[in-house]
2 protein chains.
Amino acid sequence: MAVKIPSASVGVKINDWYNAIRKFNVTDAEMLKAEIERDIFRMEEDQDLLLYYALMEFRHRIMLDYIRPLEEEKVSSEFSEILKDIEDKQGKLTGLLDYYFNFFRGMYEYNNHDYIKAISFYRRAEKKLLHVEDEIERAEFHFKMAEIFYHMKQSHVSMNYALQAIETYQAHETYKVRRIQCEFVIAGNYDDLESSEKALPHLENALKLAREEGQRILEGHTFYNLGNCYYKMRKADQAAEYFHKAVVIYKEETSDILPKACFSLALAYFKLKQNEQAHDMFNEGFRIAQQSNDPIYISKFHFLQAIYINEDGMDSLSETFQLMESRKMYPDIEDLALEAAEYYNEIGRLSDSVYFYQIVFNARKQIKKGDWSYEV
Amino acid sequence: MAVKIPSASVGVKINDWYNAIRKFNVTDAEMLKAEIERDIFRMEEDQDLLLYYALMEFRHRIMLDYIRPLEEEKVSSEFSEILKDIEDKQGKLTGLLDYYFNFFRGMYEYNNHDYIKAISFYRRAEKKLLHVEDEIERAEFHFKMAEIFYHMKQSHVSMNYALQAIETYQAHETYKVRRIQCEFVIAGNYDDLESSEKALPHLENALKLAREEGQRILEGHTFYNLGNCYYKMRKADQAAEYFHKAVVIYKEETSDILPKACFSLALAYFKLKQNEQAHDMFNEGFRIAQQSNDPIYISKFHFLQAIYINEDGMDSLSETFQLMESRKMYPDIEDLALEAAEYYNEIGRLSDSVYFYQIVFNARKQIKKGDWSYEV
């Protein structure tokens, strides 16, 4: 099967089309229109995009209606005045088009991981959100905002949008999957706000919904997230229980995030000093990570090996951290260095402990520093 | 001079007035109106509030106009229908009133440090912002948003609003003080994003503006902020220079934040091992903090004493941290514990170093955990 075109890319092309329309550049507009019509056939399903397309098609016709009589009469008129005239008369349409213009551009930048740009387009879309009459569509927008701010660790802002979105979805029986996703974002924010205990009821709710929908993979994700919460609350035994349930489902569903769950489960077992189970899980996860040639999880399993298996593994440990650093895996470095710092403190190797605490601090700085820039 | 009433409190009272008006409760509305008119005489200056008052006064008269003929004709009509009729006809007025209703409620919650509630009211105000025609007033709103999100360390969101606000202020020669404040928020966000070097040009600009305006105290704040940036960039010598300039101005202006600048300057001198100047500044700052009975700075000077003056001060150090903890001074604990951890690591007292690193981690958790709750 051919790879589907992401709707955000088609959205950005419709933006170009809009620009051509607003400049009364008929040739470009017609060309882009034809190109977009071809793309839509090979595009992932997206109702919003089809609506945007339909609106733009309508706007295209308005342009032609204005242009043709002009050509016939050979009047060289001020296009900017005509544009103003069209936009005044079609205020509602222009508002909606502006909404979609900025919304799709935001999604496109988000997919390219340029979060700063994405936020600025999303915020422009938000100012036109009042033109969107359908409340589910507004909830979709709020969900996208919650998602991007969660990724950027702007937890309180993300929370605000997620709560707005879920309120709408709750009133509509058919949007259970989005409700589950909202619960994940809310739980994730609570986790980031060092309040994992507040995340639990949201994950319990997600679990109920996932079961009602028969969505096994979402059930697995819920178990994984529950495991994470308990681990952060320093309840490794409950964490291990949930990670185990996630592993079972990911195996059934042959999910590609199985190594992640194996790693977390092995780590929890090592913490609990359940060495036999820990070794089994380590071996299984390491093998899968190697088979799927997953460099991130291979280095994370090397970490477990250096700390818990070859006990004097400081050399191979610093090698692993250097590798992770070269790949800018700062969130992983943060978590694993903290594990190492606490482990070495526990066994009385203080200078190693201090060394890893400093790595944690440095990773946190790098995470905050990020890879962004503002145009000021 | 009597203490001025904060405009946010009067704003919340106008909100009550609005509620009474919308219920056609004439007695309460008249009473609140009279009370508010008295308050306004004793209120801090606030143009926005006066505008809100004027709009509400107008809305009050509309209510009376609708009520009086009803009373004369003794018609018992459906008030909710009349309300709808008024609000439809006065759409623009209702929009503006809703804006101010939520804006002042937000400011009120902000002043009470209930940031979560404040954000939710500000966000409702934002949806009505299109009814505000004056661009300086919209910039004021954006500045308030930048301010609250800066306090909540939602740096990227704060940045977005601050850039919007400053763009407007830049076009208006007369808003230099707000421009300086915007530059402070932008610089503060860069600091929080571990990008202090990007804060410098904004502070340089603030310095230029403060001098143009002859605002000595803002010049002092700029020097203090510059000192902080250089300190975070581990350039203690340049930091000391700027802290010194801030101290000079704060003395001239008898500012109550003089102990803060003395503390930072003493710390920078200790770092630079310029012990004589460090002791002088320590003595001066400590004396002022004691004279003004400032418990926060008294404990921070105790910290300097325990680390740099009485070198085996672990006992008095843990006492100081306990005191700070009981006052929930987590941001101070974070900074000072990190100083201590690094200091003890440097002089080879590793177990003390690890102890303080753990205090840093705990403080960061407490800061994130915060003191908030969401109604879900």
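Model, not experiment: these values are computed from the prediction. (Residues numbered from 1 in each chain as written. Chains lettered and ligands numbered in written order. Predicted model: local features only at pLDDT ≥ 70, side-chain atom pairs only at ≥ 80, totals over all residues. Heavy atoms only, no water.)

Turning to the relation of the copies chain A and chain B, a few remarks are in order. For the pair chain A and chain B, the best superposition has an RMSD of 0.1 Å and corresponds to a rotation of 180° with a translation of 0.0 Å parallel to the axis. Here the two chains are linked by the operation of a two-fold rotation axis. Relative to the rotation axis, the C-alpha of Gln154 of chain A is the closest in chain A, positioned 2.6 Å from it. When you check the interface residues of chain A against chain B, 100% turn up at the interface there too, and the contact is symmetric in its surfaces. (Least-squares fit on C-alpha atoms with pLDDT ≥ 70 in both. Contact = heavy atoms within 4.5 Å.)

So, about the domain arrangement of chain A. Taken domain by domain, chain A comprises domain 1 (1-133) and domain 2 (294-369). Using C-alpha coordinates to define each centre, domain 1 of chain A is positioned 48 Å away from domain 2 of chain A. (Domains from an automatic or database assignment.)

When their charged atoms lie close together, side chains carrying opposite charge are able to pair. Residues and elements named next belong to chain A. For the structure on display, the rule yields 50 salt bridges over all chains. Of the charged contacts in the structure, one is a salt bridge between Arg42 and Asp39, with a shortest N-O distance of 3.8 Å. Accessibility expressed as a relative area gives 49% for Arg42, which makes it partly exposed. Linked through salt bridges whose partners overlap, the residues forming this network are Lys13, Glu35, Asp39 and Arg42. (Salt bridge = Lys/Arg side-chain N within 4 Å of Asp/Glu carboxyl O. Buried < 20%, exposed > 50% of the residue type's maximum accessible area, 1.4 Å probe, protein only.)

Our focus in this paragraph is the nonpolar core. Core analysis: the largest hydrophobic core is formed by 271 residues, its most contacted members being Leu304, Phe321 and Phe356 of chain A together with Leu304, Phe321 and Phe356 of chain B. Once residues lying within four places of it in the same chain are set aside, the contact partners of Phe356 of chain B are Met314, Leu317, Phe321, Ala337, Ala340, Ala341 and Tyr344 of chain B. (Core = buried A, V, L, I, M, F, W, Y, C linked by side-chain atoms within 4.5 Å.)

On the chain B side, the residues contacting the 45 residues of chain A number 46 residues. For the pairing of chain A and chain B, the buried interface totals around 4100 Å² over both sides, and the portion due to carbon and sulfur atoms is 57%. Three residues stand out in chain A for area buried against chain B, namely His156, Phe361 and Tyr374 of chain A, and they jointly supply 17% of the buried area on that side. On inspection of chain A and its partner chain B, the count reaches four salt bridges. The residue Arg123 of chain A makes a salt bridge to Glu126 of chain B at a minimum N-O spacing of 3.0 Å. For the side of chain A that touches chain B, the elements supplying multiple residues, two or more each, are helix H6 (115-127), helix H8 (155-170), helix H9 (176-192), helix H10 (196-213), helix H17 (330-346) and helix H18 (350-369) of chain A. If you tally residues by element for the side of chain A that touches chain B, the top one is H18 of chain A, at twelve residues. Taken together, the residues that form the side of chain A that touches chain B break down as 20 nonpolar, 13 polar and twelve charged. (Buried area = accessible area lost by both parts, 1.4 Å probe. Helix = DSSP H or I, 4+ residues; strand = E, 2+ residues; numbered from the N terminus. Nonpolar A, V, L, I, M, F, W, Y, C, P; charged D, E, K, R; others polar.)

The next point concerns the environment of Tyr250 of chain B. Residues and elements named next belong to chain B. Relative to the helices and strands, Tyr250 is located in helix H12 (residues 236-252). A relative accessible area of 1% means that Tyr250 is categorised as buried. Separated by 31 residues in sequence, Tyr250 and Glu219 have C-alpha atoms that sit 9.8 Å apart. Residues contacting Tyr250, with those up to four places away along its chain left out, are Ile217, Gly220, His221, Tyr224, Ser255, Ile257, Leu258 and Ala261. A distance of 2.7 Å separates polar atoms of two side chains, one belonging to Tyr250 and the other to His221. (Polar contact = N/O pair within 3.5 Å; in protein donor to acceptor, adjacent residues only side chain to side chain.)

Residue and element names in this part refer to chain A. In this structure, Thr94 sits in helix H5 (residues 91-111). Note on Thr94: relative accessible area 10%, which makes it buried. Those residues in contact with Thr94 that lie beyond four places of it in its chain are Tyr18 and Glu87.

Taken together, the side chains of Lys232, Lys365 and Lys368 of chain A together with Lys232, Lys365 and Lys368 of chain B present a region of like positive charge at the surface. Counting residues per element, the ones that place at least two in the positive patch are H18 of chain A together with helix H18 (350-369) of chain B. Inspection of the secondary structure puts Lys365 of chain B in helix H18. Since its relative accessible area comes to 32%, Lys365 of chain B is described here as partly exposed. (Patch = residues over 30% accessible without salt bridge, like charges linked within 9 Å, V, L, I, M, F, W, Y side chains within 5 Å. Areas by Shrake-Rupley, 256 points an atom, 1.4 Å probe, with all protein chains shown as cover. Lys, Arg positive; Asp, Glu negative; His and termini not counted. Charge placed at Lys NZ, Arg CZ, Asp CG, Glu CD.)

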